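# Chain and residue survey
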Amino acid sequence: MTITTGTTAPPPVRPYESYVYAYPHKTAYRPLADRPALRSLWAAEPKDALSLYLHIPFCEVRCGFCNLFTRIGAPEELTTRYLGALDRQALAVREALGDEEPVRFAAAAFGGGTPTFLTAGELERLCDIAEKRMGAELSAVPLSVETSPSTATSDRLSVLADRGTTRISIGVQSFVDEEARAAVRPQRRADVEAALGRIRDAGIPVLNIDLIYGIDGQTERSWLASLDAALTWRPEELYLYPLYVRPLTGLHRLGPAVTGPEAQALEDAAWDEQRLRLYAVGRDHLLAHGYEQVSMRMFRRTDAPREQEGPEDYACQTDGMIGLGCGARSYTSALHYSFDYAVDMREIRSIIDRFTDTEDFSRAEVGRYVDADEARRRHLLQSLLQAAGLPVAEYRARFGTDPGADFPAELAGFAQRGWLDASAPDGLLRLSPSGLAHSDALGPALFSPGVRAAMAAYERK
C-alpha cells in the first residue's frame, strides 16, 4: 500500500499523549436521552463470538498513578450487595440477548480494580454469575483475571485455577522498593516474590507481569534490575507501561516539582526522553531474552503455549463485548455504553452505591453512538497499534474502502514521521519500530473531531 507523504517536516509531538486501550474513550460518553432497551440494541448483532468482561471496582490500596474506576476497601456488606447487583444485571443482559439464535462467549475476563480483592467464596460466586447467568463456559474459553501481590492468596488462586483461568495478570510495576514507594504503591519485593510463587504453584498457564518505566529516580540500571527480576519467573507475557500522571490521581495531587511554563516544558521534555530511552532499553532486553513484541506495551515469550493467546474467532475490532459491573463497557456495532465514569473517590463511591441499588438493568444509560466513520477509525486504530499491523484486504472486506483513501492525511503524516514500516509486504499497513514507540501519540492522532470535542468538554470528577 502506497502512502503519499508531504515535503514539509511535520511539527514535533510529545510521544506520550494518551494510552488508547479503547475508542472512543469513556470521557466521550454522555447520558443517553433515549435510554435504549438492551434487547433492541442486541437484536440484530452477531452473538456467536462475544467477549465477556466482569468488573470489580475494589482495591486494597490506590496507587499514585491509578485513574481506574475503583475504590479503596469495601466492607463485606458492600461486596455482597455489589455481587447481588451484578447477578441482577447478568439476568437482565442475558434475557436481552434472547434465544432466537445461539449466544456464545469466545473469551472472558475479570478486571477492576482488583477482582481478587474478593474472597475465595465471592470469586466462586463471580464465576457462577459468568457461567450460570450468562452461559459462558469458563473452562472452555480463555479466561484472564487481574490480581495484586497482597490479594494473590493460595485459596483465591485455587478457585480461579479450578474454574478454568488461563491467564493471571499481576501488577508489580517495580521490583525496586524505593521506586514502588515513589509511584505511591506500598509493597515490598519479598511480598511480590511470594505472590509470584503462589501463582506459579497454582498452575495457571499464562502469567503476565506489569512493569512501569518513567518513575521518579528510575535509571537504566534499576529498570534492567526489575526486568531481570521479572524474567526469573519466566512469565509468558510482560507488559511495559510508561508512567502517566493523570488528573485527580495521587501523583497529580502531589503537585508539579517546578513552576512556570518554560521550566515545566523543560521537565516534560526530559521526562519524555527518559521514558523513550527506558522503553527502548526494555524492548531490546526482552527481545534478546526470547520475547516477541506484540504491541508497544505487550511482549510474549516466543515459546509460550499458543493455545492460550486467545480465541481465533474473536476480533476486538469487529465482535461485540458484554460488560457487567459499574465500570465495564459494552460494545455493539452502533453503540458503546457503560455507566457513569469518575476518578475522584467520592464520586466513585456514589456511582457504586447507585449501581448496587439498581433493580432494572434492561436499558443503556451512558454511552456514545458509533457511526460509519468512527467504526473505520476504531478498526484502523486497534489494528495499527498491534505490531502485526493491518491487512488492507481485511479492512476492505469490512468497509468496502481502503484505509489510505479514508484517512489520507493521518497516514501521510505517520509516514512522514517514519512511523510506518516502508518494508512491510504489499497489502500490509504496519508500524515501524519508531511508530510502535510513539503509539501513544499515533493513537490519539486518529481520534475524530467529534470525539476530541466531547473529551475536551468532559468535566472531570
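It should be emphasised that the depicted structure is a prediction, and the values quoted were computed from it without experimental measurement.

## Some points on the overall build of the protein
When helices and strands are counted, the protein shows 17 helices and 17 strands. Counting across all 461 residues of the protein, residues that qualify as buried make up 55%. Carbon together with sulfur atoms contributes 53% to the accessible area of the protein, which is approximately 19,600 Å² in total.

## Some words on the packing of aromatic side chains
Taken as a whole, this structure holds 16 aromatic pairs when the rule is applied. Between tyrosine 19 and tyrosine 241, the aromatic rings sit 5.9 Å apart at their centres with planes inclined by 70 degrees, giving edge-to-face as the arrangement. Here the residue tyrosine 19 occupies a position in the segment before strand S1 (30–31), and tyrosine 241 occupies one in strand S9 (residues 237–242), the gap between them amounting to 222 residues. Summarising the aromatic geometry, the rings of tyrosine 82 and phenylalanine 355 are spaced 5.1 Å apart at their centres and angled 35 degrees between planes, so their arrangement reads as tilted.

## Section: the pattern of salt bridges
Two side chains carrying opposite charge are able to pair once their charged atoms lie near each other. According to the stated counting rule, one finds 34 salt bridges in the structure shown. The closest approach of N and O atoms between arginine 88 and glutamate 359, which form a salt bridge, is 3.6 Å. Residue arginine 88 is found in helix H2 (residues 76–97), and its partner glutamate 359 is found in the loop between helix H10 (345–357) and strand S15 (366–369); the two are separated by 271 residues along the sequence. For arginine 88, a relative accessible area of 25% translates into the label partly exposed. Exposure remark for glutamate 359: the relative accessible area of 61% places this residue in the exposed category. Here arginine 167 and glutamate 237 are joined by a salt bridge, their closest N and O atoms 2.7 Å apart. Of this pair, arginine 167 sits in strand S7 (residues 167–173) while glutamate 237 is found in strand S9, placing the two residues 70 residues apart along the sequence. With respect to class, arginine 167 is no different from glutamate 237; both count as buried.

## Some words on helix H9 (residues 261–288)
Its 28 residues give H9 an end-to-end C-alpha distance of 40 Å, which sits within 8% of 40 Å, the value for a rise of 1.5 Å per residue. When we look at burial in H9, the residues that qualify are Asp268, Asp272, Gln274, Arg275, Leu278, Tyr279, Val281, Gly282, Arg283, His285 and Leu286. Tucked inside the fold, the buried residues of H9 contact strand S8 (206–213), helix H7 (220–231), S9, strand S10 (291–293), strand S11 (298–301) and helix H15 (433–437). Positive phi appears at glycine 290, one or two residues downstream of H9, with a value of about 90 degrees.

## As for the pairing of S7
Summarising burial for S7: seven of the seven residues are buried, a large majority. One ladder, built from four bridges, connects strand S6 (residues 143–147) with S7; its direction is parallel. Within S7, the position partnered with serine 144 by the bridge is arginine 167. The handedness of the S6 to S7 crossover, carried by helix H4 (residues 154–162), is right-handed.

## Observations concerning the packing of H7 against H9
At a closest axis distance of 10 Å, the pairing of H7 and H9 adopts a crossing angle of 35 degrees. The handedness of the crossing between H7 and H9 is right-handed. Here Glu220, Trp223, Leu224, Leu227, Asp228 and Leu231 of H7 come into contact with H9, specifically with Arg277, Leu278, Val281, Gly282, His285 and Leu286. Looking at the contact of H7 with H9, its residues break down into seven nonpolar, two polar and three charged.

## Some details on helix H12 (residues 392–399)
The set of residues buried in H12 consists of Val392, Tyr395 and Phe399. Axial view of H12: buried residues confined to an arc of 65 degrees, hence all on one face. Counted as exposed and oriented over 90 degrees from the buried face of H12: Ala393 and Ala397. Looking at the buried positions of H12, the neighbouring elements they touch are helix H11 (372–384), strand S16 (390–391), helix H13 (403–406) and strand S17 (428–429). Looking at the residues trailing H12, positive phi occurs at glycine 400, about 80 degrees.

## Observations concerning the pairing of S15
Across two bridges, S1 lies against S15 in antiparallel orientation. Pairing of arginine 30 across the sheet is with glycine 367, part of S15. Of the pairings in the sheet, the one linking strand S14 (residues 335–338) to S15 comprises four bridges and is antiparallel in character. Looking at the pairing, serine 338 lines up with valine 366 of S15.

## Quick look at the environment of serine 423
One can find serine 423 in the loop between helix H14 (408–416) and S17. Within polar-contact distance, the side chain of serine 423 engages the side chain of aspartate 421 at 2.6 Å.

## Thoughts on the confidence of the model for the protein
Mean pLDDT over the protein: 90, with 90% of residues reaching 70 or higher. Below a pLDDT of 50 lies the segment residues 247–253, which in the model reaches 21 contacts outside its immediate sequence neighbourhood of four places, other chains included.

## What to know about the environment of aspartate 87
Take aspartate 87: it is sitting in helix H2. For the pair formed by aspartate 87 and arginine 125, sequence separation is 38 residues and the distance between their alpha carbons is 9.2 Å. Not counting chain neighbours up to four residues away, the residues in contact with aspartate 87 comprise Arg125, Ile129 and Arg133.

## Quick notes on the environment of glycine 282
Positionally, glycine 282 belongs in helix H9. Given the relative accessible area of 0%, glycine 282 is considered buried. Residues glycine 282 and leucine 224, spaced 58 residues apart in sequence, show a C-alpha to C-alpha distance of 7.2 Å. Ignoring sequence-local partners within four residues, the contact set of glycine 282 consists of Trp223, Leu227 and Leu240.

Cut-offs used in this document
- Position numbers for residues start from 1 in each chain and track the written sequence from start to end.
- Under the rules for a predicted model, residues below a pLDDT of 70 receive no local features and side-chain atom pairs below 80 are neither given nor counted, while totals for whole chains, interfaces and linings still include all residues.
- The basis for the side-chain values is all heavy atoms of the structure; hydrogens and waters are excluded.
- Only DSSP runs of H or I with at least four residues qualify as helices, and only runs of E with at least two residues qualify as strands; both kinds are numbered from the N terminus onward.
- Throughout, exposure labels follow a simple rule: accessible area from a 1.4 Å probe, protein chains only, divided by the maximum for the residue type, with under 20% read as buried, over 50% as exposed, and the rest as partly exposed.
- Exposure was quantified through the Shrake-Rupley algorithm and a 1.4 Å probe, taking into account, for residues, occlusion by the shown protein chains and nothing else.
- In summary, the pairing rule links any two rings of Phe, Tyr or Trp, Trp by its six-membered ring, whose centres are within 6.5 Å, and it sorts them by plane angle into stacked for under 30 degrees, edge-to-face for over 60 and tilted for everything else.
- Think of a salt bridge as a Lys or Arg side-chain nitrogen and an Asp or Glu carboxyl oxygen that are within 4 Å of each other.
- Multiplying 1.5 Å by the helix residue count minus one yields the expected span of that helix.
- Any two residues whose heavy atoms approach within 4.5 Å at even a single point are treated as in contact.
- Between any two strands, pairing holds if DSSP finds at least two bridges.
- By definition, the crossover connecting two strands over a helix is right-handed if that path, from the first strand to the second, turns clockwise as seen with the strands pointing away from the viewer.
- Only the contacting stretch of a helix is used when fitting its axis, a line to C-alpha atoms as for every element, and angles between N-to-C directions run 0 to 180 degrees.
- Whether a crossing is left-handed or right-handed is set by the direction in which the near helix is turned from the far one by less than a right angle, anticlockwise for left-handed and clockwise for right-handed.
- For this classification, Asp, Glu, Lys and Arg are treated as charged, while Ala, Val, Leu, Ile, Met, Phe, Trp, Tyr, Cys and Pro are nonpolar and the rest, including Gly, are polar.
- This arc is built from the directions going out from the helix axis to the C-beta atoms.
- Any N or O atom pair separated by 3.5 Å or less is treated as a polar contact, with the protein-specific requirement of one donor-capable and one acceptor-capable atom, and with residues adjacent in sequence counted only for side-chain atom pairs.
- For every residue, the predictor states its confidence as a pLDDT score lying anywhere from 0 to 100.

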